[in-house]
Amino acid sequence: MDTQEYTKKIKRSANTGLWGSVGVVIVAAFYQLVSPWRFYASQHTARWMLVAGSVLAVLAVSMSLLVIRKQIPALRQAGSLDAKLSGYAQHIRSLYLSMLVVIVLICVFMVLSAQNVLLMLAMVATLMLFLAYPNMYRMKVELGLTDDEMKSLYGDRYIPDGKEGDGAE
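About the thresholds
- All residue numbers refer to positions counted from 1 along the written sequence of the respective chain.
- Residue-level local features of this predicted model are given only where pLDDT is at least 70; pairs of side-chain atoms are given and counted only at 80 or more, and the full residue set underlies all totals for whole chains, interfaces and linings.
- Note that the side-chain values use all heavy atoms of the structure and ignore hydrogens as well as water.
- We define a salt bridge as a side-chain nitrogen of Lys or Arg found within 4 Å of a carboxyl oxygen belonging to Asp or Glu.
- Summary of the burial criterion: residues with accessible area below 20% of their type's maximum are buried, those above 50% are exposed, and those between are partly exposed, where the area comes from a 1.4 Å probe applied to protein chains only.
- Cavity and pocket criteria rest on a 1 Å grid covering protein atoms alone: a 1.4 Å probe that fits but cannot get out defines a cavity, protein on both sides within 12 Å along at least 5 of 7 lines defines an open pocket, and an atom within 4 Å of a point defines a lining residue.
- Grid points are joined across faces, edges and corners, and a volume is the space filled by probe spheres set on the points.
- Only DSSP runs of H or I with at least four residues qualify as helices, and only runs of E with at least two residues qualify as strands; both kinds are numbered from the N terminus onward.
- Here the nonpolar group is Ala, Val, Leu, Ile, Met, Phe, Trp, Tyr, Cys and Pro; Asp, Glu, Lys and Arg are the charged ones; every other residue, Gly included, is treated as polar.
- Axes here mean lines fitted to C-alpha atoms, for a helix over just the part in contact, with angles spanning 0 to 180 degrees between N-to-C directions.
- Working rule for angles: under 35 degrees goes down as roughly parallel, over 145 as roughly antiparallel, 65 to 115 as roughly perpendicular, anything else as oblique.
- Handedness of a crossing follows from how the near helix is turned relative to the far one, being left-handed for an anticlockwise turn of less than a right angle and right-handed for a clockwise one.
- In this analysis, two residues are considered to be in contact whenever any of their non-hydrogen atoms come within 4.5 Å of each other.

**Q** Would you take a moment to explain the pattern of salt bridges for this structure?
**A** Think of it this way: side chains of opposite charge can pair up when their charged atoms draw near. A complete count under the given rule lists 2 salt bridges for this structure. In this structure, K140 and D147 form a salt bridge, with 3.1 Å as the shortest nitrogen-oxygen distance. Given a relative accessible area of 11%, K140 falls into the buried group.

**Q** I tried to follow empty space enclosed by the protein on my own but got confused; where do I start?
**A** The method is simple in principle: a probe with the dimensions of a water molecule rolls over the atoms, and the space it marks as empty is what remains. For the coordinates displayed, the defined rule picks out 1 cavity of 30 Å³ or more. Put simply, the largest cavity is a space of about 50 Å³. Elements represented by at least two residues in the lining of the largest cavity include exactly helix 2 (43-76), helix 3 (81-113) and helix 5 (136-143). Ranked by the residues each element gives to the lining of the largest cavity, the list is headed by helix 3, at 4 residues. Class assignment of the residues belonging to the lining of the largest cavity gives a composition of 6 nonpolar, 1 polar and 2 charged.

**Q** Where do I start with unusual backbone geometry in this structure?
**A** For residues besides glycine, phi is generally negative; the peptide bonds are generally trans as well. The backbone phi angle of A114 is positive, close to 60°, even though this residue is not glycine. By the element assignment, A114 lies in the loop between helix 3 and helix 4 (117-131). Its relative accessible area of 35% is what places A114 among the partly exposed residues.

**Q** Before we go on, may I ask you to explain the layout of surface pockets in this structure?
**A** The volume enclosed by the largest pocket comes to roughly 210 Å³. By residue number, the principal contributor to the lining of the largest pocket is helix 1 (residues 3-34), which donates 5 residues. Grouping the amino acids of the lining of the largest pocket by side-chain chemistry returns 7 nonpolar, 2 polar and 3 charged.

**Q** Explain the packing of helix 1 against helix 4 here, please?
**A** In helix packing, the relevant descriptors are the interaxial angle and the interaxial distance, both defined with respect to the helix axes. Orientation of helix 1 relative to helix 4, taken along the N-to-C sense of each, is 160°, at an axis distance of 10 Å. By the angle between their axes, helix 1 is roughly antiparallel relative to helix 4. Judged by the twist between their axes, the crossing of helix 1 over helix 4 is left-handed. Facing helix 1, whose interface residues are G17, L18, W19, S21, V22, V25 and A29, helix 4 presents L119, A122, M123, T126, L129 and F130. Class assignment of the residues belonging to the contact of helix 1 with helix 4 gives a composition of 10 nonpolar, 3 polar and no charged.

The quantities given are spatial measurements derived from coordinates; they are silent on function.
Written out as structure tokens, the structure is:
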């Protein structure tokens, strides 16, 4: 696969997961706060949905941060640019789409149990996706790419920092 295809795949996966999560949280919050219709679960069921949603949110965010912490140094050690980009594309795809599924589940639990605390947890999980968003400069640092590799990936959109290779300080 071409390196440009990998960057498109990374961007598409991150945008799908991020903006899908934002949309789901907005729709769920709008439904919860404005809709005249409510689901009334029993006290016991609502409490268990709150517990399950809270545990799911905490586990998903902590596991995502752990995967990022473990996966990025391993990708940096890969031999070729294609190997780095294909691994990074797979990493971003699995991270963002799994978090999208988790956020959808948390929002479903929130709507079904009428527990607004789950809305806060869904927003925190979505915020984590914003903080881990892979822009071109973040990719350069995380994958340990050189200025020449970045120029081949992004062309004129990439502005080098001037510290590498040209002697400017």
